[in-house]
Amino acid sequence: MNMRSPKLYIAAKSSCLSEQIFILDCNVAERTAQIFLEPKKVGSGAYLLGKLTAAGISIFAPAAKAKDYARRLIGLLVENGIRTVIPDEPGWIEMEEGKYAFVNKGRMTWKEIVGSGKSHEAYCGMQ
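In this text the structure is predicted, and so the values were computed from the model without any measurement.

### Some points on the pattern of salt bridges
For step 1, the next point in the chain: Going through the model one piece at a time under the given rule, you end up with 4 salt bridges.
For step 2, the next point in the chain: The salt bridge involving aspartate 68 is made with arginine 72; its shortest N-O contact spans 3.0 Å. A residue pair is termed a helical-turn pair when its members lie 3 or 4 positions apart in one helix, as aspartate 68 and arginine 72 do in helix H2 (residues 63-79) at 4 residues.
For step 3, the next point in the chain: A residue is classified by how much of its surface remains accessible, and aspartate 68, at 23% relative accessible area, is partly exposed.
For step 4, the next point in the chain: On the basis of relative accessibility, which here comes to 55%, the residue arginine 72 falls in the exposed class.

Right, here's the structure in full:
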């Protein structure tokens, strides 16, 4: 596999914390890749392999084993995922424990993730 230093973020929409997407950050060759994964599809080896391949990540194994390796890897990363809240848009958002944070322009927003086609569908209510 040509991917290094993977980190998976379990990103929740600030206005609906049950609406989530997984964001996989990793290094591929000399660049950083950011892969958006729909939580309800990560059980599919074909889906994962397609997303990884599109980002330039290769798993050096026969297709059936590569799908299994991809499922196992993402499963482990999800178990150890870093929870974060993605704001709907720039401005003040309420964080966990009733704290507030100001989100400047330039920080990724939920609208940008979903609107850009990076994620064709987010999900709400499934954990």
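After that view of the structure, there is still more to cover.
### Overview of the pairing of strand S2 (residues 16-28)
For step 1, the next point in the chain: In terms of burial, S2 is largely enclosed, as 10 of its 13 residues are buried.
For step 2, the next point in the chain: As consecutive antiparallel partners, strand S1 (residues 3-13) and S2 are separated by 2 residues.
For step 3, the next point in the chain: Examined bridge by bridge, S2 and strand S3 (residues 31-37) share 7 bridges and lie antiparallel to one another. For phenylalanine 22, the partnering residue across the bridge sits in S3 and is leucine 37.

### Some words on H2
For step 1, the next point in the chain: A rise of 1.5 Å per residue sets the reference length of H2, with its 17 residues, at 24 Å; its end C-alpha atoms lie 24 Å apart and thus fit the reference within 8%.
For step 2, the next point in the chain: Listing the buried residues of H2 in full gives Ala66, Ala70, Leu73, Ile74 and Leu77. For H2, the arc enclosing every buried residue in end-on projection is 95°, short of the 170-degree limit, so these residues lie on one face. Across from the buried face of H2, at angles greater than 90 degrees, the exposed residues are Ala64, Arg72, Leu76 and Glu79.

### Looking at the packing of aromatic side chains
For step 1, the next point in the chain: All told, the structure shown has 1 aromatic pair when counted by the stated rule.
For step 2, the next point in the chain: Seen in terms of ring centroids, tryptophan 92 and phenylalanine 102 are 5.3 Å apart; in terms of plane orientation they differ by 65°. Their pairing is edge-to-face. Pair noted here: tryptophan 92 is in strand S5 (residues 91-94) and phenylalanine 102 is in strand S6 (residues 100-103), with a separation of 10 residues, a long-range link.
For step 3, the next point in the chain: Taking the relative accessible area as the measure of exposure, phenylalanine 102 reaches 47% and is therefore partly exposed.

Cut-off values and rules
The residue numbers shown here count from 1 along each chain, following its written sequence. Since the coordinates come from a predicted model, pLDDT governs what is reported: local features require at least 70, and pairs of side-chain atoms require 80 or more to be given and counted, while whole-chain, interface and lining totals use all residues. As a rule here, side-chain values cover all heavy atoms of the structure and leave hydrogens and water aside. For this analysis, a salt bridge means a side-chain nitrogen from Lys or Arg found within 4 Å of a carboxyl oxygen belonging to Asp or Glu. Per the convention used, a helix needs a DSSP run of H or I reaching at least four residues, while a strand needs a run of E reaching at least two, with both numbered from the N terminus. Buried, partly exposed and exposed residues are distinguished by accessible area as a fraction of the type maximum, computed with a 1.4 Å probe on protein chains only: under 20%, between the cut-offs, and over 50%, respectively. The criterion for strand pairing is that DSSP finds at least two bridges linking the strands in question. For a helix, the expected span equals 1.5 Å multiplied by the residue count minus one. Here, the arc refers to the directions that run from the helix axis to the C-beta atoms. Think of it this way: a Phe, Tyr or Trp ring, Trp meaning its six-membered ring, pairs with another when their centres are within 6.5 Å, and the plane angle makes it stacked under 30 degrees, edge-to-face over 60, tilted otherwise.

In short, the description is geometric, and any link to function would need to be established separately.
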